[in-house]
Amino acid sequence: YEYQSGGIVELLASLLKKFSGELSDVEEAESNQAHEFNLVELHLTNTIEKDTSDRDEKSQLRSQRKADSARAQGELSETKREKADDEALKQEIQTTFAVKKAQYEENQKVRADELAAISKAIEIISSPEVSGSYSEHINFLQVARSIHRFAKDQAVVLLQRRAAALGSKTLASLA
């Protein structure tokens, strides 16, 4: 009986050895697959975190750019309004300048005409024909002025007397 069981024992021992080797190979393969899975999982987790971080940064950057764009649009409209105001002011200044320039040029012509008239009057007055008649007119004007001044002084004295007599401040202020 022992003889036949020796073959079975050897067969079982070889199967045990074979199955132990296969088990070791399967366990090693499973360990390698688990390690590979862990690496893939780690890689995918890192990729997801990076992509999420990039998305959040891009979203924040987009929000910042929208805010900057809105601010720039506001500044642009303010600048356009200021430019329009400045152009209106420039136009007003140019119009005022043109009017004042024309007025100045007209005044210069009038002054030139006045200077010519004064020169002509000096020439006429300086002539010997007029010099005799000139002295007569000047004396007459001086007498007329002195009479006018005397009458004015008399009127002031009269008003002051009447103001004092009546106690009138109105008459005193006229004097």
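Residues numbered from 1 in each chain as written. Predicted model: local features only at pLDDT ≥ 70, side-chain atom pairs only at ≥ 80, totals over all residues. Heavy atoms only, no water.

**Some points on the overall build of the protein chain**
We count it as follows: Here a strand is any run of E in DSSP of at least two residues, a helix any run of H or I of at least four, and the numbering for each starts at the N terminus. Areas reported here follow the Shrake-Rupley algorithm with a probe of radius 1.4 Å; residue values treat only the protein chains shown as occluding.
Within the protein chain, the secondary structure is distributed over 3 helices and 0 strands. Scanning the protein chain from its N terminus toward the C terminus, one meets helices and strands in the order α-α-α. About 15900 Å² of surface is accessible on the protein chain, with carbon and sulfur atoms providing 59% of the total.

**Overview of the pattern of salt bridges**
For the record, the criterion: Between Lys or Arg on one side and Asp or Glu on the other, a salt bridge is scored when a side-chain nitrogen of the former is within 4 Å of a carboxyl oxygen of the latter.
Per the counting criterion, the structure on display carries 7 salt bridges. Here Lys50 and Asp54 are joined by a salt bridge, their closest N and O atoms 3.1 Å apart. Residue Lys50 and its partner Asp54 are located together in helix 1 (residues 2-126), separated by 4 residues, close to a single helical turn. For Lys83, the salt bridge goes to Glu87, with nearest N and O atoms at 3.5 Å. With Lys83 and Glu87 both in helix 1 and 4 residues apart, this pair spans about one turn of that helix. Taken together, the salt bridges that share partners define one network made up of Asp68, Arg71 and Glu75.

**With respect to the confidence of the model for the protein chain**
Caution applies to low-pLDDT regions: their predicted coordinates should not be interpreted in detail. Put simply, the rule is: In predicted models, pLDDT denotes the confidence assigned by the predictor to each residue on a 0 to 100 scale.
For the protein chain, per-residue confidence averages 86 on the pLDDT scale, and residues scoring 70 or more make up 86% of the total. The least confident element of the protein chain is helix 2 (residues 128-166), whose mean pLDDT is 71; the most confident is helix 1, at 92.

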